[in-house]
Amino acid sequence: MLLEVKNVSRAFGGLRAVDDVSFSVPKNSIKAIIGPNGAGKTTLFNLISGSLRPDSGRVFFNGRQIQGRPPHTIAARGVSRTFQNIKLFHNMTVLENVMVGRHTRSRSGFMAGIFNLPSCWREEREIENRSRGILDMLGVSGLAGMNAGNIAFGSQRIVEFARALALEPELLLLDEPAAGLNMHETAEIAEIIRKIREMGVTILIIEHDMSLIMDISDDIVVLSSGKMIAEGRPSDIQKNPEVIRIYLGEEDAQDQEP
Amino acid sequence: MDAGRYIPVLILAAAVAAVQLFTLATGSEYYLTQLTMSAYYALVIIGLCTLMGYAGQISLGHAGFFAIGGYTVSVMTTYDFSGFSGSAVMGLLGTLGLASASGGELHLSPWVSLAAALVITVAVAFIIGIPILKLKGHYLAMASLGFGLIIYRIVLGTRIFGEADGISDVPGFAIAGGLRVSGSPELRIQNYYIAWTLVIIGTVMLINLVKSRAGRALRSIHGSEEAAMAMGVNASRYKLYVFVISAVFASLAGAFMAHLNGGIGPSEADVMKSVKYVAIVAAGGMANLWGALTMGVLLNYISLRGYLGSYDDAFFGAILIAIMLFAPEGLINPAVMKTAAVRARSLIDSIKKKTGRGGHAS
Ligand SMILES: Nc1ncnc2c1ncn2[C@@H]1O[C@H](COP(=O)(O)OP(=O)(O)O)[C@@H](O)[C@H]1O
Ligand SMILES: [Mg+2]
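Every value quoted in this text rests on a predicted model; they were computed, and no experiment measured them.

## Considerations on the coordination of the magnesium ion (ligand 2)
All names here are of chain A. Distances from the magnesium ion (ligand 2) to its protein donors, Thr 42 (OG1) and Gln 84 (OE1), fall within 2.0 to 2.1 Å. Of this pair, Thr 42 sits in helix 1 (residues 41–49) while Gln 84 is found in the loop between strand 6 (79–81) and helix 3 (94–100), placing the two residues 42 residues apart along the sequence. Relative accessible area serves as the criterion here: at 32%, Gln 84 is assigned to the partly exposed category.

And the structure:
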């Protein structure tokens, strides 16, 4: 197992955002996490990536415990992510954003930088070439010199993918990568996700777009109010009465709104 | 490597020489004195610019680090250590030529003092930086302000720091050969070049830094600390290092300035100085080393020439307000200058309209 989440819980005040959640993700698979808004999906990502500490429970990555470690060390081990509300570095160009993704795969420090030592030159060239290669692969190399804050929303999502991939992750956490995208862009994202998987990257994805989820995922975890209420293959999850109730219940609630 | 980044440095070096030759030709060399002091202040500014503009961490306490540098060398080079003349350390320093006796007094060499100043600065920057850099935005501003206040009260209230009088009779600093950091008029030209050489070296170092992997990491923290950490950037360590580097720049400036002026007073540690530094960095465009350097020289020069009289502090306060209102990205940035001009014009238009109507009524 690449990732194992064991009895992980996290509360905010009295709110149990993630409540005793356990599942595992085998290498080279795509696992989806679904559930209504506020179910605790993003919080779960934050617990895995180290942005938040769990109150209890364990997270194993490649057999080693990572829960409660700072995010940069978890990233260095090969866990990368995108954010639900895109978090690009708006003060930098698209290319520079992706180059930051190479941080854990390069090493020049402060002193080497200050004195512009020759050892940096080769590394910088390598960082830039790799980053351009990734932008190329995702079909956005034309944006390289643009300011990351000035490009279209759909492109920002793709650039965030590029940055996450530059880290050469073993595990990629995607938080609602299709949110706010039109059908055409969503199809593009699905294509990219398939490509990433073919590169041997394991993917954990949060998404509301059911057709996308049913299309790409091997396995689905369903969260509701912080609790895991179902886990299984897409075809089984579709038929699961508890899941149907939650999703239909949500729609009922919406229908009843004046 | 890209050599293009150094072209502006060459232009700067040429400009420095041109200004000196101009003052020589016009017999106005007294201007060099303020230009030398402006250079040292500019050193503080470019360090602070790297911290604020690139890494996105504000400090309202950098006058404190300037004071640590200035006061440490001032105390160490003027204090009479003859009471310790029997000690092994003083003996060793004496043999190395790092302490010298004159007129029955024993003084430490400026080199030892400078080294001590930098060590103390780095230590203090670490001790202060570790806790306060956990804070963000306003909270960091307040905490760094607190640090600045502490340093100010310490130098103002401590006997060894000369209290309200500060320290005087700080000797010149014989660097090497005939080079000597000192305020005597016949050394004016070489002091001008010493100061500007330091500025150029410092600028080159910081340009290298911001264009390096570490610099990218710093800027990414500014962009989104959470995303930077998710990409593997050890944000707390990077913030701490750049804080220490900027503190060292300020301290170095303080140390050299103390030798240049033959002393230092508590006004250098005044919190208003820190505010002034922040205002200048803002005017220079925050994430813009060249802008900060230009503004650092220009505004300090204006201030040092006394053009602002007793409105000096008010002037820098006004700059801060104006920048935040009309050009939060600073002045030295073509796109921003345009928008600032547009905004200022529309404001003036609306004021004209209002006062135009108001004028009839009164
Ligand atoms: N940092 C936080 N502080 C307090 N409450 C939070 C925080 N993050 C999330 N929550 C709360 O935890 C619950 C789960 O949120 P989240 O994980 O974002 O849900 P989802 O991603 O499934 O929509 C929500 O009620 C949210 O308001
Ligand atoms: Mg979410």
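## Remarks on the site of ligand 1
All names here are of chain A. Around ligand 1 lies a shell formed by Phe 12, Leu 15, Ala 17, Pro 36, Asn 37, Gly 38, Ala 39, Gly 40, Lys 41, Thr 42 and Thr 43. The backbone of Gly 38 places a nitrogen or oxygen atom 2.8 Å from an oxygen atom of ligand 1. One nitrogen or oxygen atom from the main chain of Gly 40 is found 3.0 Å from an oxygen atom belonging to ligand 1. Taking 550 Å² as the accessible area of ligand 1 by itself, protein coverage stands at 59%.

## A word on the sheet that holds strand 1 (residues 3–12) of chain A
All names here are of chain A. The four strands lie next to each other as 2-1-4-5, forming an open sheet whose pairing is antiparallel. Whereas interior strands pair on both sides, the edge strands pair on one side only; in this sheet they are strand 2 (15–25) and strand 5 (64–65). For strand 4 (residues 56–61) and strand 5, the ladder comprises two bridges, and the chain directions are antiparallel. Directly across from Phe 60, in strand 5, lies its bridge partner Gln 65. Across the sheet, helix 1 touches strand 1 and strand 2, and the angle it forms with strand 1 is around 120 degrees.

## Considerations on the domain arrangement of chain A
All names here are of chain A. Taken as a whole, chain A is organised into domain 1 (1–78 + 173–258) and domain 2 (89–168). Each of domain 1 and domain 2 has a C-alpha centre, and the two are 27 Å apart. Contacts between the two partners involve 18 residues from domain 1 and, on the opposite side, eleven residues from domain 2. On inspection of domain 1 and its partner domain 2, the count reaches zero salt bridges.

## Remarks on the pattern of salt bridges
All names here are of chain A. Scanning the entire structure with this criterion turns up 23 salt bridges over all chains. The closest approach of N and O atoms between Arg 102 and Glu 168, which form a salt bridge, is 2.7 Å. Taken together, the residues Arg 102 in the loop between helix 3 and helix 4 (110–114) and Glu 168 in the loop between helix 6 (153–166) and strand 7 (171–175) connect sequence positions 66 residues apart. Classification of Arg 102 by relative accessible area gives buried; the value is 3%. Here the residues in one salt-bridge network are Arg 102, Glu 126, Arg 130 and Glu 168, joined through shared partners.

## Topic: the side chain of Thr121(B)
Looking at the secondary structure, you find Thr121(B) in helix 5 (residues 110–132). Not counting the four nearest positions on each side in its chain, Thr121(B) is found in contact with Phe65(B), Ile68(B), Ala247(B), Val248(B) and Ser251(B).

## A look at the interface of chain A and chain B
Counting from both sides, the interface comprises 36 residues of chain A and, opposite them, 31 residues of chain B. Together, the buried faces of chain A and chain B total about 2,900 Å²; carbon and sulfur atoms form 63% of this surface. Considering only the side of chain A, the residues that lose the most area to chain B are His103(A), Phe110(A) and Ile114(A), jointly responsible for 26% of the buried surface there. Viewed at the interface, chain B and chain A are joined by three salt bridges. Between Glu124(A) and Arg216(B) there is a salt bridge whose closest N-O contact spans 3.0 Å. The interface formed by chain A and chain B contains eleven residue pairs in polar contact (both at pLDDT 80 or more). Listed by contribution, the elements that provide at least two residues to the side of chain A that touches chain B are helix 2 (71–76), strand 6, helix 3, helix 4, helix 5 (118–137) and helix 6 of chain A. The residue makeup of the side of chain A that touches chain B, split by class, is 16 nonpolar, 13 polar and seven charged.

## With respect to the confidence of the model for chain B
Summary statistics for chain B give a mean pLDDT of 89 and a share of 93% for residues scoring 70 or more. Considering only residues more than four positions removed or in separate chains, one finds that residues 358–362 of chain B, a stretch of pLDDT under 50, has zero contacts.

## Looking at the domain arrangement of chain B
The domains assigned to chain B are domain 1 (3–331) and domain 2 (332–362). Distance from the C-alpha centre of domain 1 of chain B to the C-alpha centre of domain 2 of chain B: 37 Å.

## Some points on the packing of aromatic side chains
The tally for this structure, following the rule as stated, stands at 14 aromatic pairs over all chains. Judged by centre distance (4.8 Å) and plane angle (40 degrees), the rings of Tyr30(B) and Tyr31(B) are tilted. Given the relative accessible area of 42%, Tyr30(B) is considered partly exposed. Judged by centre distance (5.0 Å) and plane angle (75 degrees), the ring pair of Tyr79(B) and Phe81(B) falls under edge-to-face. The exposure class assigned to Tyr79(B) is partly exposed, which follows from its relative accessible area of 36%. Residue Phe81(B) is classed as buried on the basis of its relative accessible area, which comes to 15%. It is Arg163(A) that lies over the ring of Phe89(A); its NZ or CZ is 4.5 Å from the centre.

Parameters at a glance
- Residues numbered from 1 in each chain as written.
- Chains lettered and ligands numbered in written order.
- Predicted model: local features only at pLDDT ≥ 70, side-chain atom pairs only at ≥ 80, totals over all residues.
- Heavy atoms only, no water.
- Donors = N, O, S within 2.8 Å, 3.2 Å for Na, K, Ca; no water.
- Helix = DSSP H or I, 4+ residues; strand = E, 2+ residues; numbered from the N terminus.
- Buried < 20%, exposed > 50% of the residue type's maximum accessible area, 1.4 Å probe, protein only.
- Near = heavy atom within 4 Å.
- Polar contact = N/O pair within 3.5 Å; in protein donor to acceptor, adjacent residues only side chain to side chain.
- Areas by Shrake-Rupley, 256 points an atom, 1.4 Å probe, with all protein chains shown as cover.
- Pairing = 2+ DSSP bridges.
- Contact = heavy atoms within 4.5 Å.
- Axes fitted to C-alpha atoms, helices over the stretch in contact; angles between N-to-C directions.
- Domains from an automatic or database assignment.
- Salt bridge = Lys/Arg side-chain N within 4 Å of Asp/Glu carboxyl O.
- Buried area = accessible area lost by both parts, 1.4 Å probe.
- Nonpolar A, V, L, I, M, F, W, Y, C, P; charged D, E, K, R; others polar.
- pLDDT = per-residue confidence, 0-100.
- Phe/Tyr/Trp six-rings, centres within 6.5 Å; stacked < 30°, edge-to-face > 60°.
- Lys NZ or Arg CZ within 6 Å of the ring centre and 35° of its normal.

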